[in-house]
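Commentary on secondary and tertiary structure
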Amino acid sequence: MQSMVEPKSPVPKGALNAPPTGNDRLIALLGLGVWIAIMIAVPLRYYTGGDTYDERFSWRMFSAVRVQQCSVSASEIVGDRERPIALMEVLPAPWVSLLERNRPAVLRRFLMWRCASSARPNAVRLTHTCQDASGDPLPPLHRVIDCGTHVIEETSGEGSP
Amino acid sequence: MKPSTWLDRFAFGPVAAVRPWLLLKATLLLLAVDVWHTHLGPAWRYGAAGFNVAHFGWMDGAFPMPTREAYVAMLVGVGVGAIVTALMARPPRPLLVLVTFLYTWGWSCSMHDSYQHHYLISLILFGFCFFPRLDSTQLFGTVGEAPVARPEGERPRGKKTGAQVAAKASTSSVAGSAVLAALPHGVVPRVYSVGYAMVTSVVAIVYAFTAISKSEVEWRDGDALRNITRDGTVIPDVMSLAHAVGMSDETLFWLMGHSVIGVQIACALGYLLASARDGESTAEERTLLRGQLEALHADRVRITIALVVIPIACLVAGRIVGVLPALVLFVVATGVALPRSFHRFCFAPFGRPGGQAILAAIALLNALSFHIGAEYIGLQIGWFSYYMLVLALIALTPAHWLSALAMALTAPFRRVRAPFLSRWPISGPVLGIVAAIVAVASGSAVDIPGAYQCSILIALASFAAGLSAMVRPDLGAERTRGVIAALVAMLVLYASFTMGGERYDYYRFAGGDFRRRHEYPAALEAYREADRYAPEGEGRAAQIHQMEQLIESGAP
């Protein structure tokens, strides 16, 4: 009777193991194909997505975006008054750096977090001013969260929304 | 050639077994020192102010907010696990999976860690999980065994030069056979590994995408480089050289900006084909390389003088007669001292001939120049350059160089390991107890929250492994080796945490953060700890005094 088990390929001379055959080979090839597809798709997402400042996983070390010099200012509206937020007094310095770098997820989380703070603001605003790699100023970016609805409005340019 | 053959070569190789074997060990050892050296100082920030953003949104719900204690425990676990995995002959795969998981959690739990190369290391570690488990004795045999008779068909054929070298060397070096005894699979044994292709392909993709990002106008025009090098002030030698040949700053930055793209593409292509470059082991190659290695072994005294004694002597001479004369002396003396066997071995034909070897050499030179250049510029990228240099040196150099080096370095371990560890049946439990005591003592002595708790787990694991070495004699030697590795790892941990400035950084940065956020009692405590570990002249007495005054005055 013919064996149902596929014979393993012999170990070639000078090798420590045999190359995979049959189903093992197919699974390994498929696995490698999926791996490479994911590895290409993830960084490609940056070039097809809208988040210019979220360069994570896209292998853009020291990119033109990364070398931008940015600063951030924050304020909140409590009652009828708008007052500045001293970021370094409410957040550890590394988070302030990430806010300055315009990381979208950090910005969103900070705005939500500040809304839930004991100050109970009606709205929180972040304003970024950046210079590009050659030192030319870029239009400022404004983000304002309405603490009642948690809707974040994002605008660019002089003045504030 | 059939497409499936190309595909199989790319996916499985075979590759020289020394590449995955050495890559795994070197990367893990580097990782252990890296996490302890560069990650400990900033560990204070995890969980601070109750604010955190994980890299993946689902993690914020799935895991509790990371704390500094959990992060330090991760550092201890990853470092010890990496060292144990690197030092064990055939490390258990679950341990490698655990190291991969812990390390990946370490960077992904918070955007505090936004270094892209940490993500790359996770991908490489994941690829390692699919590496074949290799032991140096599998690769090169056990030293001291009787030489294996050369089978029929292994006689040199084809190129006469190789055959002549092999024949001459074989007869001239009987002594060499004691060290080169078995070599059961030749000088460069091969292995089929999809894990290796996973690692090299992801590195190729990284370089390819880096080339894309560097092709943006800011890089091509040199503006980004000008910004990074602060108008060239951090690369004064390069600027001077450019000015000396009449090149303007604009031209230099433009040239550098453009050349980076070519460098990345060359590296990407080199890594893309890295898994396919070694090819199958042939009888001719085995005969040729063995003969050349025996000739090399016969000349080992001259080689040692050329590669060890002369460089040391020239370093000493350099202090007396100056750098340039010492350099000339080094080149001349090494050139004279190195025997012909060394040149023959270095330039022996190896692997698939032609384009692939040339491409690998070009990629290697580009990778070395690029990453050494990055260190020269002083980019703040942690140990990324070192990882990439290790990768390039292992994946892109001719494998017979690596094999010869690995063979020489592992010879003592291949000779003594089994008899030494199997001599005393209770050596496992005894070592387990010693390792457990050392683990707890080290974890306690380093005085960083989280380290002690993790060291207790390591102590329990060491004790259990030592005990099981006695219960399972078939695995005794390997488990005892794991216990010794854990012992070594905890001693390295102690040295790393206490001899550098990381512990001081940890506490002083924490103190500064608490102070800025008006948490004065916590700041005072952190500053007191920092003061205990402060280098001379950097004590925190002023900050301690300031905090005491603020607390006394009841400042908000």
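Residues numbered from 1 in each chain as written. Chains lettered and ligands numbered in written order. Predicted model: local features only at pLDDT ≥ 70, side-chain atom pairs only at ≥ 80, totals over all residues.

Structural notes on the overall build of chain B
Along the backbone of chain B there are 27 helices and two strands. Taking the principal axes of its C-alpha atoms as reference, chain B extends roughly 90 × 75 × 60 Å. Counting across all 556 residues of chain B, residues that qualify as buried make up 45%. Taking the intrachain contacts of chain B between residues at least 6 apart in sequence as the baseline, contacts between residues at least 24 apart amount to 82%. (Helix = DSSP H or I, 4+ residues; strand = E, 2+ residues; numbered from the N terminus. Buried ≥ 20, exposed ≤ 12 C-beta atoms within 10 Å, placed from the backbone. Contact = placed C-beta atoms within 7 Å.)

A word on the overall build of chain A
If you tally the helices and strands in chain A, you get four helices and five strands. Along its sequence from the N terminus, chain A presents helices and strands in the succession α-β-β-α-α-α-β-β-β. Over its C-alpha trace chain A gives a radius of gyration of 26 Å, far above what one expects of a compact globule, namely 15 Å for 161 residues. By its C-alpha atoms, chain A is 90 × 40 × 25 Å across when sized along the principal axes. Evaluated residue by residue, chain A yields a buried proportion of 30% over its 161 residues. The contacts of chain A with a sequence gap of at least 6 include a subset with a gap of at least 24, amounting to 41%. (Rg over C-alpha atoms; globule rule 2.2 N^0.38 Å.)

A few points about the pairing of strand β3 (residues 123-131) of chain A
Residue and element names in this part refer to chain A. Note that strand β1 (residues 69-78) and β3 share nine bridges and pair antiparallel. Its bridge partner being in β3, S71 is matched across the sheet by T129. As paired strands, β3 and strand β4 (residues 141-146) are joined by six bridges and run antiparallel to one another. By the bridge assignment, V124 is partnered in β4 with I145. (Pairing = 2+ DSSP bridges.)

Observations concerning the environment of L87(B)
All names here are of chain B. Tracing the chain through its elements places L87 in helix α4 (residues 68-87). Note: C-alpha distance between L87 and P189 (102 residues apart in sequence) is 21 Å. L87 has contacts with A485 and V488, leaving out every residue within four places of it along the chain.

Observations concerning the sheet that holds strand β5 (residues 151-156) of chain A
Residues and elements named next belong to chain A. Taking strand neighbours across the sheet as the criterion, the five strands line up as β2-β1-β3-β4-β5 in an open arrangement whose pairing is antiparallel. Of all the strands in the sheet, the pair left with one neighbour each is β2 (81-85) and β5. Recorded for the sheet is a direction-independent mean angle of 20° between the axes of neighbouring strands. Strands in contact with helix α4 (residues 104-115) are β1, β3, β4 and β5; relative to β3, the strand with the most contacts, it is inclined by about 150°. (Axes fitted to C-alpha atoms, helices over the stretch in contact; angles between N-to-C directions.)

Thoughts on helix α14 (residues 249-272) of chain B
If you check α14(B), its first and last C-alpha atoms are 35 Å apart, about what 24 residues at 1.5 Å a residue would give, namely 34 Å. L252(B), F253(B), G257(B), V260(B), V263(B), Q264(B), A266(B), C267(B), A268(B), G270(B) and Y271(B) are the residues of α14(B) that are buried. (Expected span 1.5 Å × (residues − 1).)

Let's talk about the interface of chain B and chain A
Where interface size is quoted, it is often the accessible area lost as the parts come together. Taken residue by residue, the interface counts 50 residues in chain B and 44 residues in chain A. Only α1 (3-12), α6 (116-128), β2 (190-191), α10 (194-214), α11 (217-220), α12 (223-228) and α25 (502-516) of chain B provide two or more residues apiece to the side of chain B that touches chain A. The leading source of residues in the side of chain B that touches chain A is α10(B), at ten residues. A class-by-class count of the residues in the side of chain B that touches chain A yields 26 nonpolar, 13 polar and eleven charged. (Nonpolar A, V, L, I, M, F, W, Y, C, P; charged D, E, K, R; others polar.)

Section: the packing of α10(B) against α14(B)
Residue and element names in this part refer to chain B. Across the interface, α10 lies against α14 with an axial gap of 8 Å and an inter-helix angle of 160°. Compared by their axis directions, α10 and α14 come out roughly antiparallel. Between α10 and α14 the crossing geometry is left-handed. Counting all contacts with α10, which are made through T200, S201, V203, A204, Y207, A208, T210, A211 and K214, the residues of α14 involved are V260, I261, Q264, I265, C267, A268, Y271 and L272. When its residues are assigned to classes, the contact of α10 with α14 shows twelve nonpolar, four polar and one charged. (Parallel < 35°, antiparallel > 145°, perpendicular 65-115°, else oblique. Left-handed = near helix turned anticlockwise from the far one by under 90°.)

Quick look at the packing of α25(B) against helix α26 (residues 520-532) of chain B
Residue and element names in this part refer to chain B. α26 packs onto α25 with a crossing angle of 160° between their chain directions and a minimal axis gap of 8 Å. Viewed along their axes, α25 and α26 adopt a mutual orientation that is roughly antiparallel. Seen along the crossing, α25 lies across α26 with a hand that is left-handed. Contacts from Y504, Y507, R508, A510, G511, F514 and R515 in α25 reach Y520, A522, A523, A526, Y527, E529 and A530 in α26. Looking at the contact of α25 with α26 residue by residue, the classes come out as ten nonpolar, one polar and three charged.

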